[in-house]
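In case you want the letters, here they are:
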Amino acid sequence: MHEYSVASELIHALLPQAESLGGKIVGVFLKKGELRILSNHAMVNAFELLAEGTVLEGAQLEIELIPVTVSCASCGYKGEADHVEDEAFHFSVPILSCPTCGAEVDLITGRELVVDRLSVQTSEDSETS
Ligand SMILES: [Zn+2]
């Protein structure tokens, strides 16, 4: 399962950082580009499973969707991409050509998968800063 390997990579990348923070990690905020075909539900399940026994155990995985934005070299358009509705799958698919002139576009956002921030709960006696 694709989500499982993505969640596994995510946890391995996060663990050194999470351990050095020294508090309890209560939330992991992820930004997911629209072109990343990953099920949020499967990601959260895989994350919870893989986090067991690590400092990330019990942390809530929050996934924020980043819409596809494009820039067009031909007409200078910058902004969200057009979408086509796929009726069979009830799914909205971004079109990677310019909404105003139809030329090929460069992707600005939509492919990222990044951890935005971690939410840490510090114990009350160490909360002096
Ligand atoms: Zn254009």
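If you're wondering where the values come from, they're calculated on a predicted model, not measured in any experiment.

(A) Structural detail: the overall build of the chain. Helix and strand counts for the chain stand at two helices and eight strands. In the chain, the order of α-helices and β-strands from amino to carboxyl end is α-β-α-β-β-β-β-β-β-β. Over its C-alpha atoms the chain spans a radius of gyration of 19 Å, topping by over 25% the 14 Å that the globule rule assigns to 129 residues. Dimensions of the chain, computed from C-alpha atoms along their principal axes, come out at roughly 60 × 35 × 20 Å. Considering the chain as a whole, with its 129 residues, one finds that 18% of them fall into the buried category. For the chain, contacts bridging at least 24 residues in sequence account for 74% of all contacts bridging at least 6.

(B) A look at the packing of helix H1 (residues 2–21) against helix H2 (residues 40–51). Viewed as axis vectors pointing N to C, H1 and H2 meet at an angle of 50°, and their least axial separation amounts to 8 Å. It follows from the interaxial angle that H1 and H2 lie oblique. The hand of the H1/H2 crossing is right-handed. Facing H1, whose interface residues are Glu3, Tyr4, Val6, Ala7, Ser8 and Ile11, H2 presents Ala42, Met43, Ala46, Phe47, Leu50 and Ala51. When its residues are assigned to classes, the contact of H1 with H2 shows ten nonpolar, one polar and one charged.

(C) View of the environment of Asn40. The topology assignment puts Asn40 in helix H2. In the structure, Asn40 is positioned 52 residues away from Ser92 in sequence and 16 Å away in space, judged by C-alpha atoms.

(D) Spatial organisation of the pairing of strand E5 (residues 83–86). Pairing of E5 with strand E6 (residues 91–94) involves four bridges; the strand directions are antiparallel. Looking at E6, one finds that Val84 is bridged to Val93. As consecutive antiparallel partners, E5 and E6 are separated by four residues, and within that stretch His90 has a phi angle of approximately 50°, a positive value.

(E) Main features of the sheet that holds strand E3 (residues 69–72). One open sheet accounts for three strands, arranged E4-E3-E7; its pairing is antiparallel. The open sheet is flanked by strand E4 (78–80) and strand E7 (105–109), the only strands paired with a single partner. Averaged over all neighbouring strand pairs, the angle between strand axes comes to 35°, with direction disregarded. Sheet analysis places E3 next to E4, joined by three bridges and oriented antiparallel.

(F) Summary view of H2. Between its first and last C-alpha, H2 extends 16 Å over twelve residues, near the 16 Å set by a 1.5 Å rise per residue. The set of residues buried in H2 consists of Met43, Ala46, Phe47 and Ala51. Each buried residue of H2 lies within a common arc of 120° when the element is viewed along its axis, so the set occupies one face. Of the residues in H2, the exposed ones pointing more than 90 degrees away from the buried face are His41 and Leu49.

(G) Representation of the sheet that holds strand E2 (residues 60–66) within the structure. Sheet architecture is open: three strands sit in the order E2-E1-E8, paired in mixed fashion. Each end of this open sheet is capped by a strand with a single partner; those strands are E2 and strand E8 (113–121). Averaged over all pairs of adjacent strands, the angle between their axes in this sheet comes to 20°, without regard to strand direction. Two elements, strand E1 (residues 24–33) and E2, share seven bridges in a ladder whose sense is parallel.

(H) Main features of the confidence of the model for the chain. Confidence in the prediction of the chain, expressed as mean pLDDT, is 91, and 94% of residues score 70 or more. Within the chain, the lowest mean pLDDT, 83, falls on E6, and the highest, 98, falls on E3.

Basis of the calculations
Residues numbered from 1 in each chain as written. Predicted model: local features only at pLDDT ≥ 70, side-chain atom pairs only at ≥ 80, totals over all residues. Helix = DSSP H or I, 4+ residues; strand = E, 2+ residues; numbered from the N terminus. Rg over C-alpha atoms; globule rule 2.2 N^0.38 Å. Buried ≥ 20, exposed ≤ 12 C-beta atoms within 10 Å, placed from the backbone. Contact = placed C-beta atoms within 7 Å. Axes fitted to C-alpha atoms, helices over the stretch in contact; angles between N-to-C directions. Parallel < 35°, antiparallel > 145°, perpendicular 65-115°, else oblique. Left-handed = near helix turned anticlockwise from the far one by under 90°. Nonpolar A, V, L, I, M, F, W, Y, C, P; charged D, E, K, R; others polar. Pairing = 2+ DSSP bridges. Expected span 1.5 Å × (residues − 1). Arc of directions from axis to C-beta. pLDDT = per-residue confidence, 0-100.

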